[in-house]
Amino acid sequence: MDQDNLRKGIVPGVIAGYIFLAFVGAGMVPVMDAEGAMTGMEMGNGMLDMVGSMLGADAFIGFILHIIISAVIGALYTAVFAPNVNLGNPLANIVVGGLIYGIIWWILGGNIIMPAVADGDVLQLSIGPSFYGHIIFGHLLAFIVMRDALMSEE
């Protein structure tokens, strides 16, 4: 595996992972008091509690773990997946490749690995925020990586 290709996917993976969390409502949300002043931050909808529970930890650790996983998945995208997607058009690579990569990780991560580790039901495959979030993750990751590749060619 090419080390440069691994490195090229880390930052795009982190960005796409954070946008995923924001989309599914699991990101960090400001807490406001009655006067509108921010009093702190809290984690969103419980998804990060579930991710954190894989390590026996809380939502904050779940957030950190999710960002690390996103970086690893981004690195795998640029080192393993993207070099094998060549549909003859960069836009097709983004749309089709991002869709496929997002669905792969929705099945592997959201429906096999996380439920297995957290003692949940494996392969529920319910269409909901996680499904759409993984597709957004795949498309955004593919777009950022392809954009960087296209910019470096100019």
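Above this note sits the structure.
Here we summarise the structure given alongside this text. Model, not experiment: these values are computed from the prediction. (Residues numbered from 1 in each chain as written. Predicted model: local features only at pLDDT ≥ 70, side-chain atom pairs only at ≥ 80, totals over all residues. Heavy atoms only, no water.)

In a packed pair of helices, the relevant descriptors are the angle between the two axes and the axis-to-axis distance. Viewed as axis vectors pointing N to C, helix 4 (residues 59–81) and helix 5 (residues 90–117) meet at an angle of 130°, and their least axial separation amounts to 12 Å. It follows that helix 4 is oblique to helix 5 by the angle criterion. Read as a crossing pair, helix 4 and helix 5 show a hand that is right-handed. For the pair helix 4 and helix 5, contact is made by Ile73, Leu76, Tyr77 and Phe81 and by Gly97, Ile100, Tyr101, Ile104 and Trp105, respectively. Classifying every residue of the contact of helix 4 with helix 5 gives eight nonpolar, one polar and no charged. (Axes fitted to C-alpha atoms, helices over the stretch in contact; angles between N-to-C directions. Helix = DSSP H or I, 4+ residues; strand = E, 2+ residues; numbered from the N terminus. Parallel < 35°, antiparallel > 145°, perpendicular 65-115°, else oblique. Left-handed = near helix turned anticlockwise from the far one by under 90°. Contact = heavy atoms within 4.5 Å. Nonpolar A, V, L, I, M, F, W, Y, C, P; charged D, E, K, R; others polar.)

With that settled, consider helix 5. Along helix 5, the sharpest kink reaches roughly 25°, centred on glycine 109. Here helix 5 has its buried residues at Asn93, Ile94, Gly97, Gly98, Tyr101, Gly102, Trp105, Trp106, Gly109, Asn111, Met114 and Pro115. Directly beyond the C-terminal end of helix 5, a positive phi value near 60° is found at aspartate 119. (Bend = angle between axes of the 7 residues up to and from the residue. Buried < 20%, exposed > 50% of the residue type's maximum accessible area, 1.4 Å probe, protein only.)

The analysis is restricted to geometry; functional conclusions fall outside its scope.
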